[in-house]
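For reference, the chains in residue letters:
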Amino acid sequence: MNERLVVTCGRITFQNPVLAASGTFGYGSEFERFFPLASLGGFVTKTLFVEPRDGNPPPRVAETSAGMINSIGLANVGWEAFVAEKVPDLKAIVGAARMLVNIAGNAPDEYRAIAARVEGDRERVGCAGIEVNVSCPNVKEGGTNIGCDLHQFQAAVRGVREETSLPVFVKLSPNVADVVPFAACAIDEGADGVSLINTVYGMQIDIEKRRPVLGTGSGGLSGPAILPIGVYWTHKVRAAFPDLPILGIGGIATWRDALQYLLAGAHAIQVGTAAFVNPLACVEIIAGLERYCSQRDTTIAELSGAAHRGGRLAEAAVWTG
Ligand code: SIN
């Protein structure tokens, strides 16, 4: 373990700041043929509901000029099958990597129900914490309907908090005018931290068929296109809440991208879409951060939020037409 890379994010310590993001890493064992899961700081499971879900009609993914849009619809095996069929394999390979279980429901009371299940099985599963997905743009109930409505958001986070004493990170949607009030609400409801950002609403049109490419029409845009959006909100949320643990996510494909998030205020980062292009993205990012830290004799902990310590920014320009 390289001490320079160790980060503490609220109540969780990661051996390095690189986590594989929910929905891009299956249930943890799928990437084992590329690199050992145990080399990561951590990983976040595919979103789990109490009951299994089939997800949305195909096509579910489409490549875009700088990333992809997806409309998976939170397909998952359900909590019981996860515990019985996935966890045993996972426990054999997880090593020092920390597992966050990502959860969701169709309504605030379903968030409470799945959180209670996680709490009940926490020893058996061996998870370090929970990531609450209130920001999936691809479902009729739940998802961004909850993540963009402060009232429902509050109810969902409160339900989860009341059911578990595990560390709770709330994954925030960028599809709102301002992410900061949602971060504030998560803090008020007792969340340990936030993950930001989830995908951005998007659509791609097939010009021959003259209709949207995805089965559900629209989807969530991810990949390099959204990097500056995620960095912006990370910087803004860290400025508003300097002590709030932040997992930065959105468009990270290289160690330089990861560093932008860390400097903007993230304590650790998640890599998602990049792994579809380069399955080794996570390990290459860890190696790049290691090099950067040792060449400059610094640590990730020292770098986190450093972009806020470089003096006051000039006022943003205002377009006057
Ligand atoms: C999906 O399953 O539709 C994507 C997950 C997400 O964006 O939260």
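Basis of the calculations
- Residues numbered from 1 in each chain as written.
- Predicted model: local features only at pLDDT ≥ 70, side-chain atom pairs only at ≥ 80, totals over all residues.
- Heavy atoms only, no water.
- Helix = DSSP H or I, 4+ residues; strand = E, 2+ residues; numbered from the N terminus.
- Expected span 1.5 Å × (residues − 1).
- Bend = angle between axes of the 7 residues up to and from the residue.
- Buried < 20%, exposed > 50% of the residue type's maximum accessible area, 1.4 Å probe, protein only.
- Contact = heavy atoms within 4.5 Å.
- Near = heavy atom within 4 Å.
- Polar contact = N/O pair within 3.5 Å; in protein donor to acceptor, adjacent residues only side chain to side chain.
- Areas by Shrake-Rupley, 256 points an atom, 1.4 Å probe, with all protein chains shown as cover.
- Nonpolar A, V, L, I, M, F, W, Y, C, P; charged D, E, K, R; others polar.
- Pairing = 2+ DSSP bridges.
- Axes fitted to C-alpha atoms, helices over the stretch in contact; angles between N-to-C directions.
- Arc of directions from axis to C-beta.
- Core = buried A, V, L, I, M, F, W, Y, C linked by side-chain atoms within 4.5 Å.

A. Representation of helix α1 (residues 79-93). Taking 1.5 Å as the rise per residue, α1 with 15 residues should run 21 Å; its terminal C-alpha atoms sit 20 Å apart, in good agreement. If you look at α1, its biggest bend is around 50°, right at Lys86, and the proline Pro88 turns up within four residues after that. Taken residue by residue, α1 has Trp79, Ala81, Phe82, Val83, Val87 and Leu90 as its buried positions. The elements touched by buried residues of α1 are β4 (42-44), β7 (98-103), α2 (108-120) and α3 (122-125). Gly95 sits one or two residues past α1 and shows a positive phi near 55°.

B. Spotlight on the site of the ligand. The ligand sits among Lys46, Asn70, Ile72, Gly73, Leu74, Asn133, Cys136, Pro137, Asn138, Asn198 and Thr199. The separation between an oxygen atom of the ligand and a polar side-chain atom of Lys46 is 3.1 Å. Computed on the free molecule, the ligand has an accessible area of 260 Å², of which 91% lies beneath the protein chains in the complex. Its residues assigned to classes, the shell around the ligand comprises four nonpolar, six polar and one charged.

C. Local environment of the sheet that holds β7. Read around the closed barrel, the eight strands follow the order β3-β4-β7-β8-β9-β10-β15-β16; overall the barrel is parallel. Between one strand axis and the next, the sheet turns through 25° on average, direction left out of account. Direction of pairing for β7 relative to strand β8 (residues 129-133): parallel, over a ladder of four bridges. Following the sheet pairing, Asn102 is matched in β8 by Glu131.

D. Helix α10 (residues 281-295), seen in detail. Given a rise of 1.5 Å per residue, 15 residues ought to cover 21 Å, and the 21 Å separating the end C-alpha atoms of α10 matches this to within 8%. Those residues of α10 that fall on the buried side of the exposure criterion are Ala281, Cys282, Ile285, Ile286, Gly288, Leu289, Tyr292 and Cys293. Projection of α10 onto a plane perpendicular to its axis shows the buried side chains occupying an angular sector of 165°, all on one side. Contact partners of the buried residues in α10: β3 (18-20), α8 (255-264), β16 (268-271), α9 (274-277) and α11 (300-303). Where α10 ends, the next residue or the one after it, Asp297, has phi of about 50°, a positive value.

E. Summary view of the nonpolar core. With 99 residues, the main nonpolar core has Phe82, Val101 and Leu289 as its most contacted residues. If one sorts the elements of this core by residue count, α10 sits on top with seven residues. The contact partners of Val101, leaving out residues within four places of it in the chain, are Thr45, Leu48, Trp79, Phe82, Val118, Val125, Cys127, Gly129, Ile130 and Glu131.

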